[in-house]
Amino acid sequence: MTDHIPPDATVEVPPLGEAALRPIRRALWLTRAGMVAERFWRAFWPLASILFLALGAVLLGVLDWVLVEAVWALAVLVLLGLVGALGWGLMRFRLPTRAEALARLDATLPGRPIAALMDRQVSGASDPASAALWRAHQARMAARAAQAEAPQPNLQISDRDPYALRYVAVLVLVTGALFGTAWRAGTVADLLPGGGSATLSGPTWEGWVEPPRYTGLPTLYLGDQTGDDLKMPAGSQITLRFYGEVGDLTLDETISGRTGELPSASAPEQSFAVTQNGSLAIHGPGGRAWEVQVIPDTAPRIALTAPPSLSAEGTLTLPFTASDDYGVTGGTVTITLDLDQVDRRYGLATDPDPRAPITVALPLSLTGDRRMFSEALVEDFAAHPWANMPVTYQVTSEDAAGQSSAPALLAAPLTARRFFDPMAASLIEQRRDLLWARANATRVAQILRTLTHRPEDVFADMGNYLQLRTILKRLEAYTAPEGISPEHQEEIAAALWELATTIEEGDVGDALARMQQAQERLSQAMRDGASDEEIARLMQELREATQDYMRQLSRQAQQDGQDQDPSERQRQSMQLSQQDLQAMMDRIQDLMEQGRMAEAEQALREFQQMMENMRVTQGESGQNSSPGQQAMEDLAETLREQQGLSDRAFRDLQEQYNPNARRGESQGNEGRNGGLGRGQSHEGGQGGQSGDSPSGGEQDSTPGGQGEGGSSAPQSGADGSPEGLAGQQQALRDELQRQRDGLPLGGEEGESARRSLDQAGRAMEGAEQALREGDYAEAIDRQSEAMEAMRDGMRTLGEALAEQQQQGEQPGSQQGQNNRQGNSLDPLGRDRGGQGSDYFSRDTLGEGQAYRRAWDLLEEIRRRASERERSDSERSYLQRLLDRF
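Enquirer: Which parts of the structure should I look at to understand the pattern of salt bridges?
Expert: Opposite charge on two side chains makes pairing possible when the charged atoms of those side chains draw close. Applying the stated criterion across every chain, the model contains 29 salt bridges. Across the pair D353 and R438 runs a salt bridge whose closest N-O atoms are separated by 3.9 Å. Within this pair, whereas D353 is found in the loop between β14 (328-337) and β15 (358-361), its partner R438 is found in the loop between α10 (422-436) and α11 (441-451), the two being separated by 85 residues in sequence. Overall, D353 belongs to the partly exposed group, its relative accessible area being 24%. E476 is the partner of R449 in a salt bridge, and the nearest nitrogen-oxygen pair spans 2.8 Å. Taken together, the residues R449 in helix α11 and E476 in helix α13 (residues 462-479) connect sequence positions 27 residues apart. For R449, a relative accessible area of 39% corresponds to the partly exposed category. A single salt-bridge network, built from bridges that share partners, covers E429, R432, D433 and R443.

Structure representation (structure tokens):
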């Protein structure tokens, strides 16, 4: 057995053990040094943290920011903290012994070989075999101990510093070393009695002038100013510091305008703002004196450069210029109603309800110098009750000093978008009257009821009529018996605005109808004396609608004219390109800009007539048509029949609420049944003769008024009963399903069209169920959904067919030959006499001259047709030319 020696005891190492420890002497020394570092850091980390904080604060110049008294107080606290931390560390620090170092190093080795080397053999020492075994064991342990390496010291003290204050101290020190300066450490000496350069060389001073931040001017160091005059902005802050004995240096100034209790003129630190001209003097050794002139901060200025105008997007644009010596920082635009200039008639005759002025923030320049800039207020006031009424604009600007400019005033209308559809304009007027005064609610309800008296004459879409009837019922319910509340007033106004916007910007699916709507709105705008911006906006809408119509005609020409004889198509077609149309519309716009509105309106009517009569390629409808074209025609016929059925349901709904409505209807009213039975009476029988029909032509003898190429949906109920209408709806749904299954296209486009038709079929099924239950309002809603889904399907199908047609064309094909043959005609459809496509070419007449010449020809025809001295036959011929072209 062995006698083990504890590692913390002082023992004598046997000679063999001492010799075995020589290889690990260096590792043992490093281990002991690491243990010293561990114990020193654990004992004195508070002392190091306080030292780091104090030194970092000095390097950062914190002493220059606080009062001398505060510096002394901090110094005392730091000193007390250092003494306390030092005492706390001395009580806890203890140097490690050699035995502790051996035990630490031995713990890093497997089997603790160092402890084995220090053991003695107690039993069997006299036995030679046992002694030999002991020496072999000692030799193995010595070899293992020779491989020992010093362990890393453990400097982690998170258990003693859970808030990581040591890291804060290190951060302050590193920041001071990087961004501070060691020269600031010299200021500590100035705090000691009798220390610093001030005591050695006498009193001294320093000072700064800091202009207001918004001026962007730099800080001035007074010691560097060599002149006797100083100029500085109003509001500049002057800071002075006196060093040396108190009283050696004193301040004398008349630029702050301070009154009341003032600090001592010999105070070590002085700070005040400059408010007026005057003098600034420092009396004493090394003193200076200046005459100070204050640069005043003038108030900003603003001016309106033009009256408000209406942009093409329908927004008000109010241009202005603003300036300030240091820059404009804000402003407001206040708009108040000019009640004395309001035309107090109709709904405006009532005393208005109180309404707060409109206040809008002044727009500022996003880039550039704000000391002088030009901008424009752009806002949309179309929905405001004061839209297009006389108002007063008051525009003010502000600077960083809080000064406001003199207001710029302007009396002008609150320019906003106007509505040119008669029904939409009427709704907007009633909305304005309702918002003008809640007392107008009864009058507005009466006028709305008047507008809905004969809806078939004023509403193109019966859905809009139903929406207006709903608004009217809500208005009448809100008005009785105590008058309408402000909340209900805003609710009705919002509903009227939405309906008027829908009517004005109605989604017209047919390109020709959309173009006609744009033409009507433009014509109405010219009659109403609209502004140039409104005319330009409506003219752009007409251009876009015309382009859509031309594309539709082009697709129809490609589908209808593939198999037609080229010579026949050349004889029947009229060649009119997109450039021709643009030239004509440019001419109309030129006339409007020149103020020749009568001529412009006449030209617009002729343009409308020409577009309605124009066909890129004429041919027999339904003959030699492709499967895709036939599918489009069938869907269009089904859509017309669905519209007619919806009209019949609407009439029945109207009669539920107004049974006397039938008395004023004629027997030949097509609007009663729409496409399902033109010329039929209200009850479903035959109406008057052909002369009674709206078109003045013969009655259609086919059921439902469908033509030869139309769909063959049977009319399963000629009467106006709910069951009869439901039967007709079911027949239309079955026909739509047949057409859906027979669509000629596959792929993604075909599936998209089928999905739209499936949606239309489901809506038709809902309409059929509602008709059987006598719920006409629900049926009309479902029918509207069905028609919208059918339009989407037809639009998708048409685009797919057009793309397929374009991909199928090849150079040198019959279509290309037709186009070349068609180019041999002049803009009036006449043969160019063999001169071919070079006649009236751009190379001959110049860019756009061919289209201008065509327009000149039309004007010449109009001029000759108006001359009464010409013969009747000649004038009749010229009129026929105008009717055609």
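Enquirer: Please clarify how helix α4 (residues 98-106) should be interpreted in this entry.
Expert: An α-helical turn contains 3.6 residues, so a residue and the one three or four places further along point in the same direction. The set of residues buried in α4 consists of A99, E100, A101, L102, L105 and D106. Those residues of α4 that are buried are in contact with α2 (25-59) and α5 (113-117).

Enquirer: Got a minute to help me understand the side chain of S405 in this structure?
Expert: Inspection of the secondary structure assignment puts S405 in the loop between β17 (390-399) and β18 (408-413). In this structure S405 touches P300, R301, I302, T396 and S397, once residues within four positions along its chain are discounted.

Enquirer: Could you clarify how one ought to interpret the pairing of strand β10 (residues 289-295) in this entry?
Expert: Walk down a regular strand and you will see the side chains alternate between the two sheet faces. A one-sided burial pattern is seen for β10, the buried positions being W290, V292 and V294 and the unburied ones A289, E291, Q293 and I295. Looking at chain direction, strand β5 (residues 229-233) and β10 are connected through 5 bridges and run parallel. Within β10, the position partnered with M232 by the bridge is V294. In terms of strand pairing, strand β9 (residues 278-283) meets β10 through 4 bridges, oriented antiparallel. What sits directly across from S279, in β10, is E291.

Enquirer: It is not clear to me how the nonpolar core should be interpreted in this structure. Could you clarify?
Expert: Buried together is how nonpolar side chains tend to be arranged in soluble globular proteins. L427, L448 and L475 are the most contacted members of the largest nonpolar core, which totals 38 residues. Where this core is concerned, the elements lending two or more residues are α10, α11, α13, α14 (486-504), α20 (627-657), α21 (722-741), α22 (747-772) and α23 (776-808). Element by element, the count of residues in this core is highest for α13, at 7 residues. If we skip the residues at most four places from it in the chain, L427 touches L448, L451, L468, L496, L499, A500 and I503. Counting residues in hydrophobic clusters, the runner-up holds 22 residues, among them I358, L377, W386 and V391.

How each quantity is defined
Residues numbered from 1 in each chain as written. Predicted model: local features only at pLDDT ≥ 70, side-chain atom pairs only at ≥ 80, totals over all residues. Heavy atoms only, no water. Salt bridge = Lys/Arg side-chain N within 4 Å of Asp/Glu carboxyl O. Helix = DSSP H or I, 4+ residues; strand = E, 2+ residues; numbered from the N terminus. Buried < 20%, exposed > 50% of the residue type's maximum accessible area, 1.4 Å probe, protein only. Contact = heavy atoms within 4.5 Å. Pairing = 2+ DSSP bridges. Core = buried A, V, L, I, M, F, W, Y, C linked by side-chain atoms within 4.5 Å.

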